[in-house]
Amino acid sequence: MQLNIYALILLVPAFISFALAMEARKQRYAPRGRLFALAMLAIGVWSATYAMELASTTQNMMQFWLKLEYIAIPWVSLLMMLVVLNYSGIETTIKSTHIGYLSIIPLITMALAITHEHHTFYYKHVELSDQGPIPLLKLEIGPWYYVHVFYSYALNIYALGVLIRKLVHQRSLFRNQLNFLLIAVIVPLLSFTLYFVKLMPIKNIDPTPFAFTISGILMSVSILRFRMLDLLPIAREHVFRSMNDGLLVIDGKLRLVDCNPVADQIFRWKRTPFGKPVNELLKDFPELVEVSNRKGEESIELPILYPDEEKIYLVSTSDILNHKNAVVGKLLVVHDITHRYKLQETIRKSEERLRALNGEKDKLFSIIAHDLRSPISAFLSLTSLFIDDSADMSKEEMREIALSMNRSAESLSGLLDNLLQWSRMQRNEVKTRPEAIDVKLLVERNLEIYSEAIQNKKLTVQSTLTGGLYVFADENMLNTILRNLISNAIKFTQKGGVVAVSSGQDSKDMVSIEVSDTGIGMSKEMLENLFSLDSKSNRPGTEGEPSTGLGLILCKDFAERNNGKLLVSSTQGKGSTFTILLPSSRN
């Protein structure tokens, strides 16, 4: 055995391949690192045994090392293809169950090459040639050799196609690793092609192991510089592509480097606009462009209005650092918080409503305390007067006291009735049961209830009620509305005044019922706070009739519950007009 330059050169890929195989076997690279380790081990064995063949000086020793070479040679193409498939992330039709079938040809090749002296299937003739710079084996190839060549070519071309497809059709975050893998596959393929068609300057020397020197160096660069095995590109890209959040990678020149499918959907990009400036891509979102220009970590809320809906996103930004801790880009994570935002908004509105209800209840209790105190105090005073001075009272005085007590009792009754209705309304216990109601008949019935009060104040009632008008509403609620409005009109109109009621078809679908008076009217400030508990709007009538201020609040709520409205206009000193609008109904 005599070492020569060719044998020494072949020890380089052998050493690199064995070193990579040892590195890839480490636990942190499992499980795919083991496949890469097998590929590197096969290449290392091939290179080392071929180096020993070139260093040999006798035919027997050369043939011995040639047989050892074929322990590795048949498997190199298969292992390289499997490595490419694992790291490319492309879905293929090759599954683990198919590897057994793919191993049949390498097994046959290995057996035929090792036993080539006994047949002519792989080599027809083998002899020693010393015509070159060193003694070499001259091999006359047999039919199965062509099968091995075709099989190896098919696997390498398939792996090459997978890598090209990956690079052309997908913009991966790991293009550098893929580029090195692509070159690592092309170089041995080209060198073997030159050897097979006999275009090499040195005859009978297979350059393929030399080519794997370049492949080994390329893969070592990929491992050492880009840490291809540390977390496999397919795993990283799988995470990148399958995340539910939108991801955008921006380089130092504020161009879009990569994004996942969710980001395409969020920004409605039909095709990912790789390489375009962020200022152009996100011009509709200036706050997002601004945060992309700043260094450091930030989070902003980003509302996006789509044709069919509005979404709220939380955009978190962070710097991308290189190995020198220099900022080389920006990562934007876009998280959909629409559901959370709506829940928070619902909670906020509920809290506001709860605070408003608590405030209304506090004010209501204040009103109740004030309004209950007056009639009860009056009632107590009158009863005390009866007890102490009844013997000295005339019938007329007793009648006046009885009337005062009656007014106090009526005030209490009205207040309690309104309180009962309001409390039921707050607890959503008031159910609306709409039906067709004759407007004229119902209004006249309610006017009849107050006929005595109208006579006592010598009021004139002007009725212009249209017959044949029907509304679709809850009769009890409409009765409450009419009683309150007619009672107020009587209460706040001086003796000899006018109370007018009318009805008509306001529009095709709505009927109007109007109650007006020529009473004391209301100021602008009172009108603005008429339906609110925030300010005190109750006041006594022209004859001292009591008022709670709750009746009109009930009227407005009942009108709205029946898909209607309660409108009011008033001039201080001239009177007020209340208009009820309700849906019309055919008889």
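Presented here is a report on the structure given in the accompanying data block. (Residues numbered from 1 in each chain as written. Predicted model: local features only at pLDDT ≥ 70, side-chain atom pairs only at ≥ 80, totals over all residues. Heavy atoms only, no water.)

1. Overview of the overall build of the chain
When helices and strands are counted, the chain shows 20 helices and 14 strands. If you take every contact in the chain between residues at least 6 apart in sequence, the share linking residues at least 24 apart comes to 64%. Taken as a whole, the chain presents about 31,800 Å² of accessible surface, with 56% of it coming from carbon and sulfur. (Helix = DSSP H or I, 4+ residues; strand = E, 2+ residues; numbered from the N terminus. Contact = heavy atoms within 4.5 Å. Areas by Shrake-Rupley, 256 points an atom, 1.4 Å probe, with all protein chains shown as cover.)

2. Topic: the packing of aromatic side chains
For the structure shown, the criterion picks out seven aromatic pairs. Ring centres 5.2 Å apart and planes at 80° place the aromatic pair Tyr70 and Tyr122 in the edge-to-face group. A residue pair is termed long-range when its members are at least 10 positions apart, and Tyr70 in the loop between helix H3 (59-69) and helix H4 (73-88) and Tyr122 in the loop between helix H6 (104-114) and strand S1 (123-129) qualify at 52 residues. Assigned by exposure class, Tyr70 and Tyr122 land together as buried. Their ring planes at 25° and their centres at 5.1 Å tell us that Phe267 and Trp269 sit as a pair that is stacked. With a relative accessible area of 14%, Trp269 lands in the buried category. Each member of the aromatic cluster is reached from another via a ring pair, and the members are Tyr70, Tyr122, Tyr123 and Tyr145. Between the NZ or CZ atom of Arg268 and the centre of the ring of Tyr306, over which it lies, the distance is 3.9 Å. (Phe/Tyr/Trp six-rings, centres within 6.5 Å; stacked < 30°, edge-to-face > 60°. Buried < 20%, exposed > 50% of the residue type's maximum accessible area, 1.4 Å probe, protein only. Lys NZ or Arg CZ within 6 Å of the ring centre and 35° of its normal.)

3. Considering the nonpolar core
Grouped together as the largest cluster of nonpolar side chains are 58 residues, with contacts concentrated most on Leu54, Tyr70, Met81 and Tyr122. No other element matches helix H2 (residues 32-55), which puts 12 residues into this core. Listed in part, the 36 residues of the second largest apolar core include Val443, Ile513, Val515 and Met522. (Core = buried A, V, L, I, M, F, W, Y, C linked by side-chain atoms within 4.5 Å.)

4. Points about the sheet that holds strand S5 (residues 298-305)
Pairing in this open sheet of five strands is antiparallel, and the strands run S4-S3-S7-S6-S5 from one edge to the other. If you trace the sheet from one side to the other, it starts and ends with strand S4 (256-259) and S5, each paired once. The average angle at which neighbouring strand axes cross in this sheet is 25°, direction not considered. Bridge count for strand S6 (residues 310-321) against strand S7 (residues 327-336) is nine bridges, and the pairing is antiparallel. (Pairing = 2+ DSSP bridges. Axes fitted to C-alpha atoms, helices over the stretch in contact; angles between N-to-C directions.)

5. Some remarks on unusual backbone geometry
The phi dihedral of Leu254 is positive, around 60°, even though this residue is not glycine. Position of Leu254 relative to the elements: it lies in the loop between strand S3 (246-251) and S4. Backbone geometry at Asn563 places phi at a positive 60°, although glycine is not the residue there. Its relative accessible area of 63% is what places Asn563 among the exposed residues.

6. Considering a nonpolar patch on the surface
A cluster of nonpolar residues, Phe18, Leu38 and Leu41, forms a patch on the protein surface that exposes about 250 Å² of accessible area. Mapped onto the fold, Leu41 is located in helix H2. On the basis of relative accessible area, Leu41 is assigned to the partly exposed category, the value being 39%. (Patch = residues over 30% accessible without salt bridge, like charges linked within 9 Å, V, L, I, M, F, W, Y side chains within 5 Å. Salt bridge = Lys/Arg side-chain N within 4 Å of Asp/Glu carboxyl O.)

7. With respect to the packing of helix H18 (residues 475-491) against helix H20 (residues 551-561)
When two helices pack together, their arrangement is captured by the angle between the axes and the distance separating the axes. Where H18 meets H20, the closest approach of the two axes is 9 Å, and the angle between their N-to-C directions is 145°. Handedness of the crossing formed by H18 with H20: left-handed. Every residue of H20 that contacts H18 at Met477, Thr480, Ile481, Asn484, Leu485 and Asn488 is listed here: Gly551, Leu552, Cys555, Phe558, Ala559 and Arg561. For the contact of H18 with H20, the residue count by class is seven nonpolar, four polar and one charged. (Left-handed = near helix turned anticlockwise from the far one by under 90°. Nonpolar A, V, L, I, M, F, W, Y, C, P; charged D, E, K, R; others polar.)

8. Section: the environment of Ser17
As for its position among the elements, Ser17 is in helix H1 (residues 5-24). Residue Ser17 is classed as buried on the basis of its relative accessible area of 1%. Along the chain, Ser17 and Val45 lie 28 residues apart, while their C-alpha atoms are 8.6 Å from each other. Residues in contact with Ser17, not counting those within four places in the same chain, are Met40, Ile43 and Gly44.

9. Some words on the sheet that holds strand S12 (residues 510-517)
One open sheet holds the five strands; their spatial order is S9-S11-S12-S14-S13, and the pairing between them is mixed. The outermost strands of the open sheet, each flanked by one partner alone, are strand S9 (460-464) and strand S13 (565-571). The mean angle between the axes of side-by-side strands here comes to 10°, regardless of whether they run parallel or antiparallel. Pairing geometry for S12 and strand S14 (residues 575-583), over seven bridges, is antiparallel. When the sheet's bridge partners are listed, Met510 is paired in S14 with Pro583. Of the strands in this sheet, strand S11 (498-505), S12, S13 and S14 touch H18, which is tilted by about 25° from S12.

10. Some thoughts on the pairing of S14
Across the nine residues that make up S14, a large majority, eight, are buried. Pairing of S13 with S14 involves seven bridges; the strand directions are antiparallel. By the bridge assignment for S14, Thr571 is matched with Gly575.

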